[in-house]
Amino acid sequence: MGKIFKYLRESWASVLIILGLLVVQAYCDLQLPQYTSNIVDVGIGKGGIAYAAPEKMREETHDDLMLFLTEEEKTLLENFYEQDTEGSYVLTTHNEEDLQTIDSKLGLPMLLLSTLQSGEAQVDMNMLRTMPAGGMFTEDMLLTVREQIAGEMGDMSDSIISARAVQFVQAEYEALGMDSGKVQTSYLTQIGLKMLGLSVLMMAASILVGLLASKTAARTGRNLRNRIFTKVVSFSNAEMDKFSTASLITRSTNDIQQVQMVVVMLLRMVLYAPIIGIGGVIKVANTGTGMGWIIGVAVGSIMALVLVLLMVAMPKFKMMQTLVDRVNLISREILTGIPVIRAFSREQFEEKRFDRANKDLMGTQLFTSRVMTFMMPAMMMIMNGISVMIIWFGSKGVDVGTIQVGEMLAFITYTMQIVMSFLMLTMISIMLPRAGVAANRIEEVLSTETSIRDKEDVKDDTLTQIKGEITFEDVCFRYPGAEEDALHHLNFTAKPGQTTAIIGSTGCGKSTLLHLIPRFYDVTEGRIKLDGVDIRELSQKKLRSQLGFVPQKAVLFSGTITTNLKFGGEEITDGIMREAAEIAQATEFIESKPDGYESLISQGGTNVSGGQKQRLSIARAIAKQPKVFLFDDSFSALDYKTDAALRKALGEKVKDATVIIVAQRINTILHADRILVLDNGSIVGMGTHEELLENCETYREIAHSQLSEAELKGGKGA
């Protein structure tokens, strides 16, 4: 979770805007239930009269009310009402706080006045009006009477006072000739327009939140993919060996997709849930229904359910990404090895192997899906049970007059909002474990230190005129995690204008030696020099710009022949490209294609033969015009005639460059200026072909196994 928030820090401005929009959305969402309650309780139940403060009242009514007010209340009434030309008193404020203040002061006096006017009390109003001020009631007596009346009404005092005050205002409006239906319609229209406005605002905020959340998540995914790709490209072979290709692909795609999806959910739901939940609790507390304990029951039930589900499902979520990796790995192996699988008739075996991995993943996914499936009905049962409890206890309150119907409806809505906020958090909590695993796997790649790095003070400037001399000084190398060295104390120099060949049995370290020069690995002991400078003192870009590397397994990229041959840099012209193709003996088959150099190369070069692929790889290295050529058994797929022609043309073209060739066939290196014989990682022979035949037993064994007696005596290959 922390790692996901770390990724979100890059988009902090968008997150703040989203948070502000969510507050707006929550405000609108929380206001709507209150307006619904007002429509039921005020618009329908009270005829649209929300407060005991009438918009207008007759002078007679105003004077009668004054009889039942304290001096403070009289001052308040005079401040908020003024007399018009017709003699009636008109309300001068519509501020909600002012109206609530007037409502609290006029409610009981209106009840007293309406009681006297209806004849329920044996007191003559005309007599009260003619009495001098304070003649019947002193202020202390008035307050005492009010307390007695409120005490007799008990818990229902507020609802009774409110109802009688509304009736009083309605009667006053009728006496003034006002249309009560119009008053009600006006109130309902006003509330309806407010609800419509809030709904539109809430919809706009929700749409903007969705848009910004999607853009933020997409940006986060893009940044993570860029960072992973940049990191993986910088990996040496040691890091590539640590992570399988299938795993890196899964981390770059599926894992980032998981994080991206959770980021959207975080911004749209997780941030919104606490806002709406806390707001709902505040609103519930303000309703004064006395049913707040039901919220505690609801939250406790949900938390218990979520805890049980997470304890059951969490281990499976942690397993899922590993199982996805395994399916990808097996799929990659099978798809790339189809020819071998068919040749050995192992289709059924591989199908069973894939089926096992697929079923393991399916079983885990089904388990987690069943957990999710069980969660939703359980949540709905809790929500419906809570609704029943609210209606059951709320209806009792309505029956005794302590709760209004609209208040109960608002309480239900707020409770559902609170429950839904926890439901949102529950939904995301089910997804978070898998996203957390994915984030850890992404971070594992990003936090991996590259073993081969440039020094801060590289010596690129010291090499202005590069010759290409490669020197090995007491070089030892051991693979990471290995118990012993793969190469032991190598000492030799490959000079410009000469061809240095390396030969030996399979697994003796020939390719490993070659991979040390471009720093695919770094030496364990000793050092390798380019023109007298340790290659570790140079930047990787500077070093590799001087090398033309042809790997043992020829690699082509999707595109055209031109894009592949010009892969070494933009400075390669068409002329250089065609010359390189001619030297590599690739011109004939290129020009035989309908589109020539613009012919398409499929992914991995599957639409060209092995020999053609190898010649294109050699041409790509030649077109770069490097100072050092590294051929890692790069002529193995060529026939003897093409091999001989290619080596002859190459010798004429690169006579000033250093050429290092790793080979299995002696024919390829027969005329090399120097041949190194490797055996178990050590140099056991060094010299020309003739010298090694006389002095090196290992070389003689290789030569006798590959060349005829005539070839050995003639000193030449086929």
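As the structure is a computational prediction, the values presented were derived from the model and not from experiment.

Right, let's get into the overall build of the chain. Per the secondary structure count, the chain includes 27 helices and 15 strands. A compact globule built from 718 residues would reach a C-alpha radius of gyration of about 27 Å, whereas the chain, at 44 Å, exceeds it by more than 25%. Taking the principal axes of its C-alpha atoms as reference, the chain extends roughly 150 × 55 × 50 Å. Long-range contacts, defined here as pairs at least 24 residues apart, represent 78% of the contacts in the chain between residues at least 6 apart.

Enumeration over the complete set of coordinates arrives at nine aromatic pairs. Pairing Phe520 with Phe549 gives two aromatic rings, centres 5.4 Å apart and planes at 80°, and the pair type is edge-to-face. Taken as a pair, Phe520 in the loop between α17 (510-516) and β7 (525-530) and Phe549 in strand β9 (residues 547-550) lie far apart in primary sequence, 29 residues in all. Phe549 gets classed as partly exposed once you look at its relative accessible area, which sits at 23%. Note on Phe629 and Phe631: the rings are 5.8 Å apart at their centroids and 0° apart in plane angle, and the pair reads as stacked. A single burial state applies to Phe629 and to Phe631, both of which are buried. Taken together, the ring pairs connect Phe477, Tyr479 and Tyr521 into an aromatic cluster. Taking NZ or CZ as reference, Arg346 lies 4.3 Å from the ring centre of Phe349, over its face.

This paragraph deals with the environment of Ala313. Residue position: Ala313 is located in helix α13 (residues 292-336). We classify Ala313 as buried; its relative accessible area is 0%. Note: C-alpha distance between Ala313 and Ser199 (114 residues apart in sequence) is 38 Å. Once residues lying within four places of it in the same chain are set aside, the contact partners of Ala313 are Phe367 and Val371.

Turning our attention to the side chain of Gln540. Structurally, the position occupied by Gln540 is in helix α18 (residues 540-545). Using a relative accessible area of 16% as the deciding quantity, one classes Gln540 as buried. Beyond its immediate chain neighbours, meaning those up to four positions away, Gln540 contacts Ile452, Arg453, Asp454 and Arg519.

We now examine the packing of helix α20 (residues 574-583) against helix α22 (residues 610-623). Orientation of α20 relative to α22, taken along the N-to-C sense of each, is 135°, at an axis distance of 8 Å. By the angle class used here, α20 and α22 are oblique. For the crossing formed where α20 meets α22, the hand is right-handed. Contacts between α20 and α22 involve Ile576, Ala580, Ala581 and Ile583 on the former and, on the latter, Ala619, Ile622 and Ala623.

Another aspect to go through is the sheet that holds strand β14 (residues 674-679). Strand order in the open sheet formed by six strands is β9-β12-β13-β6-β14-β15, and the pairing between neighbours is mixed. Strands with a single pairing partner mark the edges of an open sheet, and in this sheet they are β9 and β15 (682-687). If you compare each strand with its neighbour and ignore which way they point, the axes differ by 15° on average. The sheet contact formed by β9 and strand β12 (residues 628-632) spans four bridges and is parallel. Within the sheet, the bridge partner assigned to Val550 lies in β12 and is Phe631. Each of β9 and β12 is contacted by α22, which is oriented at about 175° to β9, the strand it contacts most. Contacting β6 (499-504), β14 and β15, helix α26 (residues 697-706) crosses the sheet at an angle of about 100° to β14.

A few words on α20. Residues spaced three or four apart along an α-helix point in a common direction, a consequence of the helix completing one turn every 3.6 residues. Turning to α20, its buried residues are Ile576, Met577, Ala580, Ala581 and Ile583. Burial along α20 is one-sided: seen end-on, the buried residues are contained in an arc of 160°. Those residues of α20 that are buried are in contact with α19 (561-565), α21 (587-591), α22 and α23 (640-653). Note on α20: the residue one or two positions beyond its end, Gln585, has a positive phi of about 60°.

Let us now look at the confidence of the model for the chain. Here the chain averages 83 in pLDDT, while 91% of its residues score no lower than 70. When pLDDT is averaged over each helix and strand of the chain, the minimum, 53, is found for helix α6 (residues 125-130) and the maximum, 94, for strand β4 (residues 470-477).

Core analysis: the biggest nonpolar cluster contains 78 residues, and Val259, Ile390 and Ile442 have the highest contact counts within it. Taken together, the elements giving at least two residues each to this core come down to α1 (2-8), α2 (12-44), α9 (180-234), α11 (245-270), α12 (272-287), α13, α15 (347-400) and α16 (405-446). If you tally residues by element for this core, the top one is α16, at 18 residues.

Calculation criteria
- Residues numbered from 1 in each chain as written.
- Predicted model: local features only at pLDDT ≥ 70, side-chain atom pairs only at ≥ 80, totals over all residues.
- Heavy atoms only, no water.
- Helix = DSSP H or I, 4+ residues; strand = E, 2+ residues; numbered from the N terminus.
- Rg over C-alpha atoms; globule rule 2.2 N^0.38 Å.
- Contact = heavy atoms within 4.5 Å.
- Phe/Tyr/Trp six-rings, centres within 6.5 Å; stacked < 30°, edge-to-face > 60°.
- Buried < 20%, exposed > 50% of the residue type's maximum accessible area, 1.4 Å probe, protein only.
- Lys NZ or Arg CZ within 6 Å of the ring centre and 35° of its normal.
- Axes fitted to C-alpha atoms, helices over the stretch in contact; angles between N-to-C directions.
- Parallel < 35°, antiparallel > 145°, perpendicular 65-115°, else oblique.
- Left-handed = near helix turned anticlockwise from the far one by under 90°.
- Pairing = 2+ DSSP bridges.
- Arc of directions from axis to C-beta.
- pLDDT = per-residue confidence, 0-100.
- Core = buried A, V, L, I, M, F, W, Y, C linked by side-chain atoms within 4.5 Å.

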